[in-house]
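If you want the building blocks of each chain, they are given just below.
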Amino acid sequence: MLDILHREQVYLWYYFQLQLSQIFRYWVLGMVLGIALSALFQRYVPAEVVAQACPWRTRALGC
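Thresholds, definitions, all that
Residues numbered from 1 in each chain as written. Predicted model: local features only at pLDDT ≥ 70, side-chain atom pairs only at ≥ 80, totals over all residues. Heavy atoms only, no water. Helix = DSSP H or I, 4+ residues; strand = E, 2+ residues; numbered from the N terminus. Buried < 20%, exposed > 50% of the residue type's maximum accessible area, 1.4 Å probe, protein only. Areas by Shrake-Rupley, 256 points an atom, 1.4 Å probe, with all protein chains shown as cover. Expected span 1.5 Å × (residues − 1). Bend = angle between axes of the 7 residues up to and from the residue. Salt bridge = Lys/Arg side-chain N within 4 Å of Asp/Glu carboxyl O. Patch = residues over 30% accessible without salt bridge, like charges linked within 9 Å, V, L, I, M, F, W, Y side chains within 5 Å. Phe/Tyr/Trp six-rings, centres within 6.5 Å; stacked < 30°, edge-to-face > 60°.

Participant: Kindly report on the overall build of the protein, identifying the contributing residues and their values.
Facilitator: Helix and strand content of the protein: two helices and zero strands. Here the protein, with 63 residues, has 3% of them falling under the buried criterion. Of the roughly 6100 Å² of accessible surface on the protein, a fraction of 69% belongs to carbon and sulfur atoms.

Participant: Could you give an account of helix H1 (residues 2–41), with specific residues and numbers?
Facilitator: Its 40 residues give H1 an end-to-end C-alpha distance of 56 Å, which sits within 8% of 58 Å, the value for a rise of 1.5 Å per residue. Its axis deflected by about 40° at Ile23, H1 carries its strongest bend there.

Participant: Go over the pattern of salt bridges, please, and point to the residues and values.
Facilitator: Evaluation of the coordinates by the stated rule reveals one salt bridge. A salt bridge links Asp3 to Arg7, with the nearest nitrogen and oxygen atoms 3.6 Å apart. Pair noted here: Asp3 and Arg7 are both in helix H1, with a separation of four residues, about one helical turn. Judged by relative accessible area, Asp3 falls into the partly exposed class, the value being 48%.

Participant: Could you give an account of a nonpolar patch on the surface, naming the residues involved and the relevant values?
Facilitator: Among the surface-exposed residues, Tyr26, Leu29, Leu33, Leu37, Leu40, Phe41 and Tyr44 lie close enough to one another that they form a single nonpolar patch of about 780 Å² accessible area. Relative to the elements of secondary structure, Tyr26 occurs in helix H1. Judged by its relative accessible area of 55%, Tyr26 is exposed.

Participant: Hey, could you go over the packing of aromatic side chains for me, with residue numbers and the actual values?
Facilitator: According to the stated counting rule, one finds four aromatic pairs in the structure shown. When the centroid spacing of 5.8 Å and the interplanar angle of 50° are considered together, the rings of Phe24 and Trp27 count as tilted. One end of the pair, Phe24, and the other, Trp27, are both in helix H1, three residues apart, so they sit about a helical turn from each other. A relative accessible area of 41% means that Phe24 is categorised as partly exposed.

Structure follows, in structure tokens:
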């Protein structure tokens, strides 16, 4: 019984490790591009849009 559980654990570890290794670089690239685009284009977003997106904050706080 323990042998079966061990094999399942190895299989699941391999599966998730493989999935993570394939998508990790694109996930990081997406975060970096998102942060860069957000920082570069924040001045072009009208204040009304920011106020609608998060009415509890002001633009100065960086919503």
